[in-house]
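# Survey of secondary and tertiary structure
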Amino acid sequence: MDNNMGHNEVKPDSVNETDISIQYMKRNVKRDITEKIVETIFLLCALVGVLSVTAIIFFVFYKGIRPFTGEDAYSIKDFLTGTKWAPSENIYGIFYMITASVLSTAGAILVGVPIGVLTAVFISEIAPEGLVKIVKPAIEILAGIPSVLYGAFGLGVVVPLIMKITPEVQGQSLLAVIIVLSIMILPTIVSLSESSIRAVPKKYREASLGLGASKIQTIFQVVLPAAKSGILSATVLGIGRAIGETMAVMMIAGNPTAGMPESIWSMVRPLTTNIAMEMSYASGRQSEMLFATGVVLFIFIMLVNITLIKLTSKAGEK
Amino acid sequence: MEVNKKPKFEVNNLNLFYGDFQALKNINMNISSNEITAFIGPSGCGKSTFLKTINRMNDLVPGVRIDGSIKLDGLDIYSDIDVIKLRQRVGMVFQQPNPFPMSIYDNVAYGPRIHGIKKKSVLDEIVEKSLRQAAIWDEVKDRLKRNAIGVSGGQQQRICIARALAVQPEVILMDEPTSALDPISTQKIEDLAVELKKDYTIIMVTHNMQQASRISDKTAFFLSGEVIEFGETGQIFSNPRDKKTENYITGRFG
């Protein structure tokens with residue numbers, strides 16, 4: 001800003017006609033100031049995101065580390081390896097929740113990624129235009145449905161169906177969570193895989209077909225391998241979505257206060273629902289333990305993000 | 001001199017339309033085996049379209065319509081031969097080198113593998129033989145596991161030729177195979193084409209008239225979807241019968 005100040009005396013109305021050309025060449029102070037102001041506004045906008053993430057990290061870690069420090073510190077080992085959550089007895093073990101989060105995410109990826117990738121192949125390589133016009137918007141709408149409605153759907157449809165076949169007494173289960181999460185990650189998987197499949201140069205397909213490969217052989221031997229990094233990124237984003245999903249999962253997971261999941265019929269309590277269920281009324285140590293749960297969740301999300309950055313930068317190098 | 005030789009391809013009254021646009025008009029041509037046939041002509045004259053019709057790569061273009069016939073050894077390629085079998089017998093090398101983003105070995109082994117050859121020793125043999133035939137074995141034999149995208153454009157093109165040869169085709173179509181290459185690589189591909197015609201029938205589209213006159217046995221001159229003149233390369237270049245051919249080869253247009 002400083003260098004603009006010196007030119008402030010120049011006033012357009014104080015020059016005569018012959019100076020107009022010189023006047024034209026002079027620095028336009030007003031414009032320079034406007035530009036600076038607008039640039040500053042951009043910077044401030046960009047800072048909102050950066051500051052928010054810093055604040056959240058600081059806040060969650062500050063609160064979440066507290067129970068493990070000071071005089072009556074809780075053992076981190078007990079916290080991370082315990083399989084019982086009983087705030088009234090001062091027992092806070094989240095290992096069974098970590099297991100639940102990992103299992104439900106892994107299950108959702110195992111089911112959702114193949115379905116999503118094959119849908120993407122169908123949309124981009126096989127389906128006639130008319131069908132694409134139905135399938136694609138359907139997937140896109142799926143992305144816009146609020147997660148509470150997924151939960152309601154899970155509770156109203158998936159859980160009763162599971163009730164019919166489960167050996168347990170309830171339908172809320174790891175399986176219900178996996179099914180609903182698989183559907184929820186579909187839009188992410190489909191749209192990212194589709195764009196990476198579409199980005200595979202036509203020349204690869206021509207080369208393969210020209211060698212006498214069939215369409216399906218070409219898709220599986222050439223197109224999908226060439227789109228691999230995009231599909232991997234889609235998978236990682238899907239993991240991020242599945243591990244962080246709360247509302248829908250809470251409604252169908254069963255959320256027991258203890259016990260490792262023993263089968264897909266078992267009730268589970270992922271990390272996210274633990275926080276959401278108790279945060280509204282918790283105080284003191286219990287509240288801090290919920291933040292500690294948040295720290296663990298956060299570490300998982302960070303791992304997912306680092307993987308994603310690694311993957312995409314590698315793809316860029318190629 | 002070889003009047004009695006049975007043609008590899010017989011093309012009769014071939015017309016091709018993209019929607020309402022007629023890209024090929026009444027093409028009649030016999031293409032002989034173990035020769036290099038060159039297609040020349042200005043951009044958009046239909047020479048590449050015709051080349052792609054020979055192994056039915058045009059099937060991929062939506063709205064394409066064909067009438068007339070192309071016969072390979074007497075069998076109609078649209079009605080008597082399965083398209084997959086046709087493309088095994090009639091391989092193609094494209095204008096831009098297009099190796100797959102995988103190892104050199106996997107590129108060359110791709111065709112045999114999709115046609116059901118799984119045995120490592122057999123594949124090894126095919127890969128080596130094909131790369132030797134394509135005159136690139138010595139340059140890449142120590143780095144067969146390296147990604148084919150990492151070698152030079154000229155080497156990529158010869159790997160693509162090896163990849164086409166690995167399917168053991170009878171005919172190789174080349175669509176301006178040297179237009180993206182430097183003169184030295186071009187020379188290598190040309191020498192290779194001459195070498196390959198002993199075992200294969202080669203049909204080549206080229207923008208480069210010197211190339212056509214250097215290596216081809218027969219030349220067809222295309223203009224606006226028609227074959228203006230087709231004959232011995234020597235005759236076409238030294239003594240063209242049609243004024244349009246003469247104008248084109250002397251550089252008056254195109």
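Sequence positions are assigned chain by chain, starting from 1 and proceeding in written order. By the order in which they are written, chains take letters starting at A while ligands take numbers starting at 1. Two thresholds apply to this predicted model, a pLDDT of at least 70 for residue-level local features and 80 or more for giving and counting side-chain atom pairs, whereas whole-chain, interface and lining totals are computed over all residues. Heavy atoms throughout the structure, all of them, feed into the side-chain values; hydrogens and water do not.

### Topic: the domain arrangement of chain A
All names here are of chain A. Note that domain bounds follow an automatic or database assignment of domains. As far as domains go, chain A holds domain 1 (2-68) and domain 2 (76-317). The C-alpha-based centres of domain 1 and domain 2 are spaced at 42 Å. Residue contacts are counted whenever heavy atoms from the two residues lie within 4.5 Å of one another. With nine residues of domain 1 at the contact, the number on the domain 2 side is 10 residues. Both faces considered, domain 1 and domain 2 share a buried interface measuring about 1,000 Å² in area, 83% of it formed by carbon and sulfur atoms. By convention, the term buried area covers the 1.4 Å-probe accessible surface removed from two parts as they join, with the contributions of both added. Ranking the residues of domain 1 by area buried against domain 2 places F61, P67 and F68 at the top, with a combined share of 49%. Put simply, a salt bridge is a Lys or Arg side-chain nitrogen that is within 4 Å of an Asp or Glu carboxyl oxygen. Counting across the domain 1 and domain 2 interface gives one salt bridge.

### Remarks on the environment of S193(A)
Residue and element names in this part refer to chain A. Numbering of helices and strands runs from the N terminus; a helix is a DSSP stretch of H or I covering at least four residues, while a strand is a stretch of E covering at least two. By the element assignment, S193 lies in helix α8 (residues 174-198). The exposure class of S193 is buried, given its relative accessible area of 0%. When the C-alpha atoms of S193 and I309 are compared, they prove to be 17 Å apart, with 116 residues separating the residues in sequence. Setting aside residues up to four positions removed in sequence, S193 forms contacts with V117, A120, I231 and A234. Here's how the labels work: a residue is buried when its accessible area is under 20% of the maximum for its type, exposed when over 50%, partly exposed in between, all with a 1.4 Å probe on protein chains only.

### Details of the pairing of strand β2 (residues 21-31) of chain B
Every regular strand shows the same layout, with side chains that alternate between the two sheet faces. All names here are of chain B. In this structure, strand β1 (residues 9-18) lies alongside β2, joined through seven bridges in antiparallel fashion. Along β2, the bridge assignment pairs Y18 with F21. Here, any two strands with at least 2 DSSP bridges between them count as paired. Joining the antiparallel neighbours β1 and β2 is a turn of two residues, in which G19 adopts a positive phi near 60°.

### Side note on the UniProt feature "domain: ABC transmembrane type-1" (unreviewed entry) in chain A
UniProt positions are given in the numbering used here, feature names are shortened, and annotations may be inferred rather than shown by experiment. Within this structure's numbering, the places UniProt gives as "domain: ABC transmembrane type-1" (unreviewed entry) are residues 98-308 of chain A. Secondary structure content for residues 98-308 of chain A is 79% helix and 0% strand, while the C-alpha to C-alpha distance between its ends is 21 Å.

### Quick word on the UniProt feature "transmembrane region" (unreviewed entry) in chain A
All names here are of chain A. If you check UniProt for "transmembrane region" (unreviewed entry), the listed places come out as residues 40-62, 94-127, 139-162, 174-193 and 289-309 in our numbering. The span residues 174-193 shows a helical share of 100% and a strand share of 0%, and its end C-alpha atoms are spaced 27 Å apart. Helix makes up 100% of residues 289-309 and strand makes up 0%, while its end C-alpha atoms are separated by 30 Å.

### A closer look at the interface of chain A and chain B
Many authors give the size of an interface as the accessible area that is lost as the parts come together. Counting from both sides, the interface comprises 16 residues of chain A and, opposite them, 23 residues of chain B. When chain A packs against chain B, close to 1,500 Å² is buried across both sides, 69% of that on carbon and sulfur atoms. Across the contact surface, chain A and chain B share zero salt bridges. Any N or O atom pair separated by 3.5 Å or less is treated as a polar contact, with the protein-specific requirement of one donor-capable and one acceptor-capable atom, and with residues adjacent in sequence counted only for side-chain atom pairs. Between the two partners, chain A and chain B, sit four residue pairs in polar contact (both at pLDDT 80 or more). Among the elements of the structure, α9 (202-210) and α10 (215-226) of chain A are those that each provide at least two residues to the side of chain A that touches chain B.

### Focus: the sheet that holds β1(B)
All names here are of chain B. Read across the sheet, four strands follow the order β2-β1-β4-β5 without closing on themselves; strand pairing throughout is antiparallel. Each having just a single partner strand, β2 and β5 (75-76) make up the two edges of the open sheet. Bridge analysis of strand β4 (residues 64-72) against β5 gives two bridges, and the strand direction is antiparallel. Counterpart to K71 in the pairing with β5 is D76.

### Comments concerning the pairing of β1(B)
The pairing of β1(B) with β4(B) spans eight bridges and is classified as antiparallel. Considered in β4(B), the bridge of N12(B) is made with S69(B).

### Focus: the sheet that holds strand β3 (residues 36-40) of chain B
Residues and elements named next belong to chain B. If you trace the six strands from one edge of the open sheet to the other, you get β6-β7-β8-β3-β9-β10, paired in mixed fashion. At either end of the open sheet lies a strand with only one pairing partner, and these are β6 (90-93) and β10 (226-232). Strand-to-strand twist of the sheet, defined as the mean angle between neighbouring strand axes without regard to direction, takes the value 15°. Pairing analysis gives four bridges linking β3 to strand β8 (residues 201-205), with the strands arranged parallel. Bridging from a neighbouring strand, T37 pairs with I203 of β8. Against the sheet, helix α6 (residues 153-165) makes contact with β6 and β7 (171-175), and its axis sits at roughly 170° relative to β6, the strand it touches most. Sheet strands in contact with helix α7 (residues 183-196) are β3, β7 and β8, and its direction is about 145° off that of β8. Lines fitted to C-alpha atoms define the axes here, with helix axes fitted over just the stretch in contact, and angles between the N-to-C directions of these axes take values from 0 to 180 degrees.

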